[in-house]
Amino acid sequence: QKEVEQNSGPLSVPEGAIASLNCTYSDRGSQSFFWYRQYSGKSPELIMSIYSNGDKEDGRFTAQLNKASQYVSLLIRDSQPSDSATYLCAVGNYGQNFVFGPGTRLSVLP
Amino acid sequence: DAGITQSPRHKVTETGTPVTLRCHQTENHRYMYWYRQDPGHGLRLIHYSYGVKDTDKGEVSDGYSVSRSKTEDFLLTLESATSSQTSVYFCAITPGTGLNTEAFFGQGTRLTVV
């Protein structure tokens, strides 16, 4: 059974701080890794994808992947109250079937 | 906007009745998916389709069936609804194939079985 684990939170950070969200996965054959943001009552929205070891930056977001440790993280710099949401980690392979983690709820305090 | 429309958006139904949820896409993507989302479980795959009349089971397929007679429509049927199927249901598409696939979701359907 392929598993993706995340701390459920809530993770609370003050406005302007760096929020660090973590995800571990069990399938060593995984090739693609995604972070989704989901506001309460809304659908998941893709914010980052990463496929190679290392860092990938997009604006205030940085995804980090370490396949040897089976670990992927998302850093949000200069956190804003509008970043308050649940962040879902998803892991995929050539078989097209993503496995999602349970999500981490982030609260950015003004 | 990935051009995905789910209907209905909300539904309340009684235990034992059949229910069909519809997912419609406007961009002829080959792959379509149905997920359910429950607190503490995240998104779990129910069924997916890789083409017209080509479907396969996901992680939590018991009690559900699907059909895809046209590229643009993917239907999810609860054959005899139970309270355990109260959930939020999301349809998704993946525009690409192979490694660089990113999923995009519809707005969701909130289903309550009473």
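Residues numbered from 1 in each chain as written. Chains lettered and ligands numbered in written order. Predicted model: local features only at pLDDT ≥ 70, side-chain atom pairs only at ≥ 80, totals over all residues. Heavy atoms only, no water.

**Student:** Give me the nonpolar core: which residues, what numbers.
**Tutor:** With 23 residues, the main nonpolar core has Trp35, Val72, Leu74, Ile76 and Tyr87 of chain A as its most contacted residues. Among the secondary structure elements, those contributing two or more residues to this core are strand S3 (19-25), strand S4 (32-38), strand S5 (45-50), strand S7 (61-66), strand S8 (71-76), strand S9 (85-92) and strand S11 (104-109) of chain A. Grouped together as the second largest cluster of nonpolar side chains are 19 residues, Cys23, Phe74, Leu76 and Val113 of chain B included. (Core = buried A, V, L, I, M, F, W, Y, C linked by side-chain atoms within 4.5 Å. Buried < 20%, exposed > 50% of the residue type's maximum accessible area, 1.4 Å probe, protein only. Helix = DSSP H or I, 4+ residues; strand = E, 2+ residues; numbered from the N terminus.)

**Student:** Please set out the sheet that holds S8 of chain A residue by residue, giving values where relevant.
**Tutor:** All names here are of chain A. Within the open sheet, the 5 strands sit side by side as S1-S3-S8-S7-S6. Their pairing is antiparallel. Unpaired on one side and paired on the other, strand S1 (4-5) and strand S6 (54-58) mark the two borders of the sheet. Across 2 bridges, the pairing between S1 and S3 is antiparallel. Each bridged residue has a counterpart across the sheet, and for Glu5 the counterpart in S3 is Thr24. (Pairing = 2+ DSSP bridges.)

**Student:** Describe the side chain of His29 of chain B, and please don't skip the residues or the numbers.
**Tutor:** By secondary structure assignment, the location of His29 of chain B is in the loop between strand S3 (19-25) and strand S4 (31-38). Here His29 of chain B is in contact with Arg68, Thr71, Ile93, Thr94 and Pro95 of chain B, once residues within four sequence places are set aside. (Contact = heavy atoms within 4.5 Å.)

**Student:** Give a description of the interface of chain B and chain A that names residues and reports values.
**Tutor:** Taken residue by residue, the interface counts 25 residues in chain B and 20 residues in chain A. Our count for the chain B to chain A interface comes out at 0 salt bridges. Between the two partners, chain B and chain A, sit 4 residue pairs in polar contact (both at pLDDT 80 or more). Of the residues contributing to the side of chain B that touches chain A, the split by class is 11 nonpolar, 12 polar and 2 charged. (Salt bridge = Lys/Arg side-chain N within 4 Å of Asp/Glu carboxyl O. Polar contact = N/O pair within 3.5 Å; in protein donor to acceptor, adjacent residues only side chain to side chain. Nonpolar A, V, L, I, M, F, W, Y, C, P; charged D, E, K, R; others polar.)

**Student:** Break down the pattern of salt bridges for me, citing the residues and quoting the values.
**Tutor:** Side chains that differ in sign of charge can pair as their charged atoms come close. All names here are of chain A. Taken as a whole and judged by the stated rule, the model has 7 salt bridges over all chains. Between Arg37 and Glu45 there is a salt bridge, with the nearest N and O atoms lying 3.1 Å from each other. On the basis of relative accessibility, which here comes to 36%, the residue Glu45 falls in the partly exposed class. Residue Asp83 pairs with Arg60 through a salt bridge whose shortest N-O separation is 2.9 Å. One end of the pair, Asp83, is in the loop between S8 and S9; the other, Arg60, is in the loop between S6 and S7, with 23 residues separating them in the sequence. Under the relative-accessibility criterion, Arg60 is labelled partly exposed at 27%.

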